[in-house]
Amino acid sequence: MGYFKGLVTGAVIGAVGALLLTPKRGDEWRATLKDRTDKVKDRASHVGAAVSDAANDVKEQGTDLAHTVAEKGAVISESVTKVADTVKTEVAGATDDAKSDAAKASDLAKDAAATVTEAATAVKETVQEKADEAKLQAHLAAMELQERSSEEV
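Keep in mind it's a predicted model, so treat the numbers as computed, not measured.

Participant: Would you mind showing me how to read the overall build of the chain here?
Facilitator: Across its full length, the chain holds two helices and zero strands. For 153 residues, the compact-globule estimate of 2.2 N^0.38 gives 15 Å, and the chain exceeds it by more than 25% at 56 Å. Summarising its shape, the C-alpha atoms of the chain cover approximately 180 × 30 × 10 Å along the three principal directions. With 153 residues in all, the chain has 4% of them scored as buried. As presented, the chain carries roughly 12700 Å² of accessible surface, and 62% of it is formed by carbon and sulfur atoms. Across the chain, 20 positive and 27 negative side-chain charges occur, with their mean positions spaced 26 Å apart.

Participant: What is the right way to look at a negative patch on the surface in this model?
Facilitator: A cluster of like negative charges, contributed by Asp53, Asp57, Glu60 and Asp64, occupies part of the molecular surface. With respect to the secondary-structure elements, glutamate 60 resides in helix 2 (residues 26-152).

Participant: Hey, could you run me through the environment of glutamate 144 in this one?
Facilitator: One can find glutamate 144 in helix 2. Along the primary structure glutamate 144 and serine 77 are separated by 67 residues, whereas in three dimensions their C-alpha atoms are 98 Å apart.

Participant: Where do I start with the pattern of salt bridges in this structure?
Facilitator: Counted according to the given criterion, the structure contains four salt bridges. Lysine 34 is paired through a salt bridge with aspartate 38; the nearest N and O atoms lie 3.3 Å apart. Here lysine 34 and its partner aspartate 38 are both found in helix 2, four residues apart, which amounts to about one turn of the helix. Across the pair aspartate 35 and lysine 39 runs a salt bridge, and its minimum N-O distance is 3.7 Å. Here lysine 39 and aspartate 35 lie together in helix 2, a separation of four residues that amounts to about one turn. Looking at lysine 39, the relative accessible area reads 46%, which means it is partly exposed.

About the thresholds
Residues numbered from 1 in each chain as written. Predicted model: local features only at pLDDT ≥ 70, side-chain atom pairs only at ≥ 80, totals over all residues. Heavy atoms only, no water. Helix = DSSP H or I, 4+ residues; strand = E, 2+ residues; numbered from the N terminus. Rg over C-alpha atoms; globule rule 2.2 N^0.38 Å. Buried < 20%, exposed > 50% of the residue type's maximum accessible area, 1.4 Å probe, protein only. Areas by Shrake-Rupley, 256 points an atom, 1.4 Å probe, with all protein chains shown as cover. Lys, Arg positive; Asp, Glu negative; His and termini not counted. Charge placed at Lys NZ, Arg CZ, Asp CG, Glu CD. Patch = residues over 30% accessible without salt bridge, like charges linked within 9 Å, V, L, I, M, F, W, Y side chains within 5 Å. Salt bridge = Lys/Arg side-chain N within 4 Å of Asp/Glu carboxyl O.

Nothing here speaks to function; it is geometry throughout.
Here it is, written out as structure tokens:
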């Protein structure tokens, strides 16, 4: 808009200066003034039309850009929502799997503890039986030695 005002102002000042500095008769002055005024109006009209066309082009491009940005924003928002839902589902599934695995591990640990306890009890019983057998054999051997000793004497 500033360019247009400067152009019109410069043209008017130039036309008035040319008229004032040129010696002519009144009717020649009026004809020259009318001719120059018409030229300035014509130029101003062309410049105004060009500025109006440019403004309309910018407005259309701005509108198109705004629509494009809105569409892309909607697509991005939808994509982010889908990814967030997928991540939420995956995390929930992983959490459930971890809980299930922890429960299985706990059950396995309990089973292993029970098995170890049973094995320890069995070993203890076996050791006790072997100790009892060893005592019995030692006692029998001692008796046999005593008998042999008494026979030799």
